[in-house]
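Close look at the chain arrangement
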Amino acid sequence: MPACKRCAKCCETSPPTLHQEDKELVIQKIIARDKLLTLRQGEVVFEHSSQQYLVLKEELIKIRTENSKCIFLEQNSCSIYQNRPIECKNFFCSQPQNLLNIQYKNLLHRLDIIKRKSALGEIIQEHERICNLHKIKKYLKEKNIKKVEDALYFDFNIREYLKNKLELKDSILNFYFGRPLEKVLDLIKPFLR
Ligand code: SF4
Ligand code: SF4
């Protein structure tokens, strides 16, 4: 069997999704929250393993990219190698089955890291209630523009409020609430039937 050449090409394609096994890495801040991105349930994403688009049945927390590369890739090597997420430990390009065996299993969610009853946990749940993507897709199909606008208004305002009040950056807001709703809807619209 060929050995890993440490070419880092895999770190330049699809960043890892976090699983329950990675929870302590976030709790211990080895992986800081602003290095994460949430893809919410209902988003349309391109899946590299199958080379096709799919609608997420469950939210994913992924490591962020910078210039299309994993944010932890520095000078062609992993800056958190000893503590890399489980998907990275299981990935080897010549043996994709190892990663496929754990893909979408035992996923880590925002509310595994942020207490449900904390102020932030409550806001995330309220955001998910108002900006739920399955509901918004239904509103779009029904042409219920008022409901879609309400969700866009809530998503925009909660981000602006937290930016101004707590000086939070977009990077961490994209972990707490996923990418801005306006952007997510632009990506979803071509897939609406
Ligand atoms: S797993 Fe494959 S793509 Fe990734 S570093 Fe090793 S040889 Fe390169
Ligand atoms: S965490 Fe490390 S091993 Fe995993 S994709 Fe990023 S740079 Fe590569």
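Report on the accompanying structure. Keep in mind that this is a model prediction, so the values were computed, not measured.

**Notes on the overall build of the chain**
Of the regular secondary structure elements, the chain holds 9 helices and 8 strands. Taking 193 residues into account, the globule formula puts the C-alpha radius of gyration at 16 Å, and the chain, at 18 Å, falls close to it. Its C-alpha atoms give the chain principal-axis dimensions of roughly 60 × 40 × 30 Å. Looking at the chain as a whole, 22% of its 193 residues qualify as buried. In the chain, of all internal contacts separated by at least 6 residues, the share reaching a separation of at least 24 is 64%.

**So, the site of ligand 2**
Close to ligand 2 lie Cys11, Pro15, Pro16, Ile63, Cys70, Phe72, Leu73, Cys78, Ile80, Arg84, Pro85 and Cys88, which account for all nearby residues. Of the residues belonging to the shell around ligand 2, the class tally is 11 nonpolar, no polar and 1 charged.

**A few points about the nonpolar core**
Judged by nonpolar contacts, the single largest core of 18 residues is most densely connected at Leu36, Ile61, Ile63, Cys70, Phe72 and Tyr176. Of all the elements in the fold, those that place two or more residues in this core are strand S4 (60-63) and helix H8 (170-176). Each of two domains, domain 1 (9-110) and domain 2 (114-191), supplies a minimum of three residues to this core. Setting aside residues up to four positions removed in sequence, phenylalanine 72 forms contacts with Ile63, Cys78, Ser79 and Ile80.

**Thoughts on the packing of helix H6 (residues 133-142) against helix H7 (residues 145-166)**
The interhelical angle for the contact between H6 and H7, taken along N-to-C directions, is 145 degrees, at an axis separation of 8 Å. At the point where H6 passes H7, the crossing takes the left-handed sense. Contacts from Ile136, Tyr139 and Leu140 in H6 reach Lys147, Val148 and Ala151 in H7. The class makeup of the residues in the contact of H6 with H7 is 5 nonpolar, no polar and 1 charged.

**Quick word on the pairing of S4**
Neither face of S4 is open: one carries Leu60 and Lys62, the other Ile61 and Ile63, and all of them are buried. Alignment of strand S1 (residues 36-39) against S4, held across 4 bridges, turns out to be antiparallel. Along S4, the bridge assignment pairs leucine 39 with leucine 60.

Scoring rules and cut-offs
- Residues numbered from 1 in each chain as written.
- Chains lettered and ligands numbered in written order.
- Predicted model: local features only at pLDDT ≥ 70, side-chain atom pairs only at ≥ 80, totals over all residues.
- Helix = DSSP H or I, 4+ residues; strand = E, 2+ residues; numbered from the N terminus.
- Rg over C-alpha atoms; globule rule 2.2 N^0.38 Å.
- Buried ≥ 20, exposed ≤ 12 C-beta atoms within 10 Å, placed from the backbone.
- Contact = placed C-beta atoms within 7 Å.
- Near = placed C-beta within 6 Å.
- Nonpolar A, V, L, I, M, F, W, Y, C, P; charged D, E, K, R; others polar.
- Core = buried A, V, L, I, M, F, W, Y, C linked by C-beta atoms within 7 Å.
- Domains from an automatic or database assignment.
- Axes fitted to C-alpha atoms, helices over the stretch in contact; angles between N-to-C directions.
- Left-handed = near helix turned anticlockwise from the far one by under 90°.
- Pairing = 2+ DSSP bridges.

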